[in-house]
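# A look at the structure
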Amino acid sequence: MYDDVLLPTDGSGAADAAVPHAIELADRYGARLHVLYVADTTEYSTVTFEDDVVDPLAEEGQSVVDEVVEKAGDLNVEAVGVVMKGGAYETILQYVEDEDIDVVVMGTHGRRGLDRALLGSVTERIVRTSDVPVLTVREDEE
């Protein structure tokens, strides 16, 4: 049923709540787990350090992705980690299309009402616009 599972992550508690679900889903179906971190370049994120351009968001993303890929590997789940730059929801949707993803597993903060309307939600946008199923996992408030 599922050959490729996508776990977009930003390293937040909400995203972390989705990790075991994504790994379990990939394991259950013998699927490849794609772990994607989008360094949001809609804002200026690079800095110059000793004549080298460094993107701290991309560096942080690589660390987050590596940690999840390692967890999956420890459970014998094939996983690939990717760090991309761009707008979060646009990049996630493009990755779904480009990599022929079958299902997306995402964390959500579970905000409601005015908080959700004012803050927006990458997860909500993916749920509304994705052509593939999206499993959302609410962050444990404890």
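The chain has the name Universal stress protein in an unreviewed UniProt entry, where Halobacterium sp. NMX12-1 is given as its organism. In its Sequence similarities (unreviewed entry) section, the UniProt record describing the chain reads: "Belongs to the universal stress protein A family."

## Some points on the packing of helix 3 (residues 88–98) against helix 5 (residues 122–129)
The N-to-C vectors of helix 3 and helix 5 enclose an angle of 40°; their axes lie 9 Å apart at closest approach. The angle between helix 3 and helix 5 falls in the class oblique. For helix 3 against helix 5, the interelement crossing comes out right-handed. Where helix 3 approaches helix 5, its residues Ala 88, Tyr 89, Ile 92 and Leu 93 are matched on the opposing element by Val 122, Arg 125, Ile 126 and Thr 129. Looking at the contact of helix 3 with helix 5 residue by residue, the class counts come to six nonpolar, one polar and one charged.

## Here we look at helix 2 (residues 56–74)
A rise of 1.5 Å per residue sets the reference length of helix 2, with its 19 residues, at 27 Å; its end C-alpha atoms lie 27 Å apart and thus fit the reference within 8%. By the burial criterion, the buried members of helix 2 are Ala 58, Gly 61, Val 64, Val 65, Val 68 and Ala 72. For helix 2, the buried positions fall inside an angular range of 125° around the axis, keeping them on one side. Those residues of helix 2 that are exposed and angled more than 90 degrees off the buried face are Glu 59, Glu 70 and Asp 74. If you follow the buried residues of helix 2, they end up packed against strand 1 (4–8), helix 1 (13–29), strand 2 (32–40) and strand 5 (79–86). One or two steps after helix 2, the chain reaches Asn 76, where phi turns positive at roughly 60°.

The rules we used
Every chain is numbered on its own, with residues counted from 1 as its sequence reads. Note on the predicted model: pLDDT of at least 70 is required for a residue's local features to be given, and 80 or more for side-chain atom pairs to be given and counted; whole-chain, interface and lining totals, by contrast, use all residues. Computation of side-chain values: all heavy atoms of the structure, hydrogens and water removed. UniProt positions are given in the numbering used here, feature names are shortened, and annotations may be inferred rather than shown by experiment. An axis is simply a line fitted to the C-alpha atoms; with a helix, the fit covers only the stretch in contact. Between two such axes, the angle follows the N-to-C directions and lies from 0 to 180 degrees. The way it works is that DSSP assigns letters per residue, a run of H or I at least four long becomes a helix, a run of E at least two long becomes a strand, and they are numbered from the N terminus. Any angle from 65 to 115 degrees is called roughly perpendicular, while one under 35 is roughly parallel, one over 145 is roughly antiparallel, and all others are oblique. Two helices cross in a left-handed way if the nearer one is turned anticlockwise from the farther one by less than a right angle. They cross in a right-handed way if the turn is clockwise. Here, two residues are considered to be in contact whenever any of their heavy atoms come within 4.5 Å of each other. Only Asp, Glu, Lys and Arg are considered charged in this grouping, and only Ala, Val, Leu, Ile, Met, Phe, Trp, Tyr, Cys and Pro are considered nonpolar; every other residue, Gly among them, is considered polar. Multiplying 1.5 Å by the residue count of a helix minus one yields the expected span of that helix. Think of it in three bands: residues with accessible area under 20% of the maximum for their type are buried, residues over 50% are exposed, and the middle band is partly exposed, with areas taken using a 1.4 Å probe on protein chains only. Our arc is simply the arc of the directions from the helix axis toward the C-beta atoms.

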